[in-house]
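Residue-level structural notes
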Amino acid sequence: KVLILDFGSQYTQLIARRVRELNIYSEIHPFNKIPNNLEDYKAVILSGSPMSVRSEDAYHPDLSDIRGKKPMLAVCYGAQYLAHFSGGEVAESNTREYGRANLSYVEENETFLEGIHIGSQVWMSHSDTIKILPENGVLLASTNDVQNAAYKIENETTYAIQFHPEVYHSTDGKLLLENFLVKIAKVNPDWTPNAFIEETVEDLKTKLGNDKVVLGLSGGVDSSVAAMLLHKAIGKNLYCIFVNNGLLRKNEFSDVLEQYKGMGLNVKGVDASARFLDALKDESDPEKKRKAIGRVFIEVFDDEAHLIEDVKWLAQGTIYPDVIESVSATGGPSATIKSHHNVGGLPDFMKLKVVEPLKELFKDEVRRVGASMGMDKNLLGRHPFPGPGLAIRILGDVTAEKVRILQEVDAIFINGLKQAGLYDKVWQAGAMLLPVNSVGVMGDERTYEKCVALRAVESTDGMTADWVNLPYEFLQKTSNDIINKVKGVNRVVYDISSKPPATIEWE
Ligand code: XMP
């Protein structure tokens, strides 16, 4: 496996993704928590950073156990850090070096650059520049503005690049990573979904033995794939609980429950809609709504878990971005942009050991693993849906009637997307019920009814998102259908805000 030391760049997760796309397993650790078992890692990559190496509080970890001892690739800040501390010089650059650039010089006969030619587009994002290479540094590539765009250290397997190989705009970035990892560091690209499944099922068998495990299914991709892996490992000792909080999509509870049963899962559906609605009564503050739902969920889940005699473990569908976000929230270097929803929700009184079979995977990898286990495409391709469900899409207080209206609207929108072949092109879609009434006219009658906003975004991880340019004809038909079929709604608008500065949900 490969170690990625994170200096807080917004692109660090992308490095891990690219490496895994090469079928090589990689792990991100904060720069100040270098793992003790370095011998288990075949290569090390240093990430970029928002810091300047010249600033006093910049991150300057001791790399003496790594440099020269293991193949190392230093990216952006990493490249500057390496230069700064080994006799080179880093200075503020005169021109801003952001965005596209093209290589104007490429060293020939260099394994690291095999297949990469003059003109290759690279993505720069830095305000410092390497003026003088470190001791024994050998220049490998330049752009017009950046002389020292890539270098290596002679007689070591130490490489450094000023640009970001991990972003798609660096067109040969993946090839560079492959050259470094496969040709130089000699890492075997043998990490595939099937290898992962085999290994994980074996590990789970050993870890869990004959213990009972309880897992909360949500209908989403992560918890479903986690359940299938556990099911493969321990069969009937996996007890799944699927709670209906009354805030799911139309018919979702019964449909998904049937689907789970069809997959052979030992699943109990618990309809607690009334309890949730009761807890939400007259509450219109978004965070208080979230908290109320979280609290009732834990109560319901705990009641159910207590019915399973001798249960020892709680399984969760935590995935890698969740883990990284909570690491950064607790002292890692990257800025926390959004507090995370699924980690840390375990109440003390449940006292169960936690097992998280997906915690090393990204979302697309989870989908690949699910597909390799033969899971249904429709289940794996489902849009993300927030834990608090429609409650945070009903702005203001939640009532049973509002839930009903929004379920109808949402169903028309989502089914429409499916019928138009647009569903898979959208990362997430849904409808918001706004707390405004507006005047309309139907027949000869004046109406004064609700307004709904439709939202469809493209994204890769939910951290940033842009609204989708849905065809006008589609919007037109959807709007007509909604206003004609859903009683209580007389106006439909489409949300054209990106994240940032807006968010995906309205609450
Ligand atoms: P925002 O609105 O922050 O949403 O741009 C980003 C992603 O997170 C989902 N989301 C939530 N998921 N509990 C969840 O489980 C929540 O409270 C919550 N709030 C937002 C949202 O649907 C989107 O996918």
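Residues numbered from 1 in each chain as written. Predicted model: local features only at pLDDT ≥ 70, side-chain atom pairs only at ≥ 80, totals over all residues.

Thoughts on the sheet that holds strand 12 (residues 267–271)
This is how it is decided: We treat two strands as partners when DSSP finds at least two bridges between them. Secondary structure elements are taken from DSSP: a helix is a run of H or I of four residues or more, a strand is a run of E of two residues or more, and numbering for both begins at the N terminus. Where helices are involved, their axes are fitted lines through C-alpha atoms of the stretch in contact, as for all axes, and angles between N-to-C directions lie from 0 to 180°.
If you walk across this open sheet you meet the 5 strands as 12-11-10-13-14, and the pairing is parallel. Two strands lie at the open edges of the sheet, namely strand 12 and strand 14 (353–355), each paired on one side alone. In this sheet, adjacent strand axes meet at a mean angle of 30° when their direction is disregarded. In this structure, strand 10 (residues 212–217) lies alongside strand 11 (residues 238–244), joined through 5 bridges in parallel fashion.

Side note on the packing of helix 4 (residues 193–208) against helix 10 (residues 363–372)
Short version of the rule: In these notes the angle categories are as follows: under 35 degrees is roughly parallel, over 145 is roughly antiparallel, 65 to 115 is roughly perpendicular, and the rest is oblique. We call two residues in contact when the distance between their C-beta atoms, placed using the backbone, is within 7 Å. For this classification, the nonpolar set comprises Ala, Val, Leu, Ile, Met, Phe, Trp, Tyr, Cys and Pro, the charged set comprises Asp, Glu, Lys and Arg, and every other residue, Gly included, is treated as polar.
Direction vectors running N to C along helix 4 and helix 10 enclose 80°, while the axes themselves pass 9 Å from each other. In terms of their interaxial angle, helix 4 and helix 10 are classed as roughly perpendicular. Where helix 4 abuts helix 10, its residues Pro 193, Asn 194, Phe 196 and Ile 197 lie against Arg 368, Val 369 and Ser 372. Considering only residue class, the contact of helix 4 with helix 10 consists of 4 nonpolar, 2 polar and 1 charged.

Focus on the UniProt feature "active site" (unreviewed entry) in the chain
Test applied: UniProt positions are given in the numbering used here, feature names are shortened, and annotations may be inferred rather than shown by experiment.
Look at the UniProt record and you will see "active site" (unreviewed entry) annotated at Cys 76, His 164 and Glu 166. Considering the C-alpha atoms alone, the annotated residues occupy 91 residues of sequence yet fold into one spot, their largest mutual distance being 11.0 Å. Within the secondary structure layout, Cys 76 lies in the loop between strand 4 (72–75) and helix 2 (77–84). Among residues more than four places away in sequence, those in contact with Cys 76 are Ser 9, Gly 48, Ser 125, His 126, Gln 162 and His 164. Mapped onto the secondary structure, Glu 166 falls in the loop between strand 9 (158–161) and helix 3 (173–184). Leave out the neighbours within four places in its chain, and Glu 166 touches Tyr 11, Leu 14, Ile 15, Arg 18 and Gly 173.

Considering the site of the ligand
Rules: Using a C-beta atom placed from the backbone for every residue, we mark a residue as near a molecule or strand if that atom lies within 6 Å of it.
Near the ligand, the surroundings consist of 13 residues, among which Pro 386, Gly 387, Thr 503, Ile 504 and Glu 505 are the closest. Residue composition of the shell around the ligand, grouped by class: 4 nonpolar, 5 polar and 4 charged.

Side note on the pairing of strand 8 (residues 150–153)
For the record, the criterion: To assign burial, the other C-beta atoms lying within 10 Å of each residue's own C-beta are counted, with C-beta atoms placed from the backbone; 20 or more indicates buried, 12 or fewer indicates exposed, and intermediate counts indicate partly exposed.
A two-sided burial pattern is seen for strand 8, the buried positions comprising Ala 150 and Lys 152 on one face and Tyr 151 and Ile 153 on the other. Sheet analysis places strand 7 (residues 137–143) next to strand 8, joined by 4 bridges and oriented antiparallel. Opposite Val 138, over in strand 8, you have Lys 152 as the bridge partner. What sits between strand 7 and strand 8 in their antiparallel hairpin is a turn of 6 residues. The pairing of strand 8 with strand 9 spans 4 bridges and is antiparallel. Among the inter-strand pairings, Ala 150 is bridged to a residue of strand 9, identified as Ile 161. Following strand 8, the chain reverses through 4 residues before pairing antiparallel with strand 9; Asn 155 in that reversal takes a positive phi of roughly 65°.

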